[in-house]
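Fold and geometry: a report
One letter stands for each residue in the lines below.
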Amino acid sequence: AQSVAQPEDQVNVAEGNPLTVKCTYSVSGNPYLFWYVQYPNRGLQFLLKYITGDNLVKGSYGFEAEFNKSQTSFHLKKPSALVSDSALYFCAVRDPRGITGGGNKLTFGTGTQLKVEL
Amino acid sequence: DTGVSQNPRHKITKRGQNVTFRCDPISEHNRLYWYRQTLGQGPEFLTYFQNEAQLEKSRLLSDRFSAERPKGSFSTLEIQRTEQGDSAMYLCASSLELAALYNEQFFGPGTRLTVL
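Here's a quick rundown of the structure. If you're wondering where the values come from, they're calculated on a predicted model, not measured in any experiment.

1. Points about the overall build of chain A
- Across its full length, chain A carries zero helices and twelve strands.
- Its C-alpha atoms give chain A a radius of gyration of 14 Å, near enough to 13 Å, the size a compact globule of 118 residues would have.
- Dimensions along the principal axes, computed over C-alpha positions, put chain A at roughly 45 × 30 × 25 Å.
- Burial statistics for chain A: of 118 residues in total, 50% are counted as buried.
- Within chain A, contacts between residues at least 6 apart in sequence are counted, and of these 57% link residues at least 24 apart.
- For chain A, the centre of its 11 positive side-chain charges and the centre of its 9 negative side-chain charges are spaced 8 Å apart.

2. Thoughts on the overall build of chain B
- Across its full length, chain B holds zero helices and eleven strands.
- Starting at the N terminus and walking to the C terminus, you meet the elements of chain B as β-β-β-β-β-β-β-β-β-β-β.
- Overall size of chain B, expressed as C-alpha extent along the three principal axes, is 45 × 30 × 25 Å.
- In chain B, which comprises 116 residues, the proportion classed as buried is 48%.
- A sequence separation of at least 24 residues applies to 54% of the contacts in chain B between residues at least 6 apart.
- Surface accessibility of chain B: about 5900 Å² in total, with carbon and sulfur atoms responsible for 47%.
- Within chain B, the 13 negative side-chain charges are centred at a point lying 8 Å from the centre of the 14 positive side-chain charges.

3. Topic: the interface of chain B and chain A
- On the chain A side, the residues contacting the 22 residues of chain B number 24 residues.
- Across the interface of chain B and chain A, roughly 1900 Å² is buried in total on both sides, 50% from carbon and sulfur atoms.
- For the interface between chain B and chain A, the tally reads two salt bridges.
- The tally of links between chain B and chain A comes to four residue pairs in polar contact (both at pLDDT 80 or more).
- Elements represented by at least two residues in the side of chain B that touches chain A include exactly strand 4 (31-37), strand 5 (44-50) and strand 9 (88-95) of chain B.
- The greatest single-element share of the side of chain B that touches chain A, amounting to four residues, is contributed by strand 4 of chain B.
- The class makeup of the residues in the side of chain B that touches chain A is nine nonpolar, eight polar and five charged.

Rules used throughout
- Residues numbered from 1 in each chain as written.
- Chains lettered and ligands numbered in written order.
- Predicted model: local features only at pLDDT ≥ 70, side-chain atom pairs only at ≥ 80, totals over all residues.
- Heavy atoms only, no water.
- Helix = DSSP H or I, 4+ residues; strand = E, 2+ residues; numbered from the N terminus.
- Rg over C-alpha atoms; globule rule 2.2 N^0.38 Å.
- Buried < 20%, exposed > 50% of the residue type's maximum accessible area, 1.4 Å probe, protein only.
- Contact = heavy atoms within 4.5 Å.
- Lys, Arg positive; Asp, Glu negative; His and termini not counted.
- Charge placed at Lys NZ, Arg CZ, Asp CG, Glu CD.
- Areas by Shrake-Rupley, 256 points an atom, 1.4 Å probe, with all protein chains shown as cover.
- Buried area = accessible area lost by both parts, 1.4 Å probe.
- Salt bridge = Lys/Arg side-chain N within 4 Å of Asp/Glu carboxyl O.
- Polar contact = N/O pair within 3.5 Å; in protein donor to acceptor, adjacent residues only side chain to side chain.
- Nonpolar A, V, L, I, M, F, W, Y, C, P; charged D, E, K, R; others polar.

Here it is in structure tokens:
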């Protein structure tokens, strides 16, 4: 069964500094990886995905993520953090059986609370 | 707004009562998913539909839970004889899935259920 680990419950960073939110995964076969952001009392918003191709994936709001197969990681990054980036971030992996139509569920990590301070 | 919508946004009920939630996906999306999220946790998969067919159910989905998508458009999730442990945020998502096209899921705002 696939799994996702987000080792940090909270990440604090000063506005203007680079940020990294960590994610490692475990899956059989090719990983399909996603990052979502959740603001209070709202649903999850899609940020970016890795399916295949370049290891550096660019997404919404200036976020990017680096896929590292040898380290089974998919860390979320942003060169310069904003206070408005403060939110709960989830990494997710898709069931690879989706290729053959057997499944399409996402398995999520427990989330990392990002706090950007002035 | 053409996003995923869910109703109601909040539901408070007493233990033992039945509740039903509705999800309206993005109109052209053929797949619809239900997830449950409890405090401090990521969403957990419950079930999903391809058009009107329910193709997968999690072991989390006990016999008290039933989901339908009768015409391949909106979906309902019913919980019978609610228990306090059912208190959670219930999230609906949809996606457009075509052969070899791995699309992201778009989530609704959720329905927060509180069982007293």
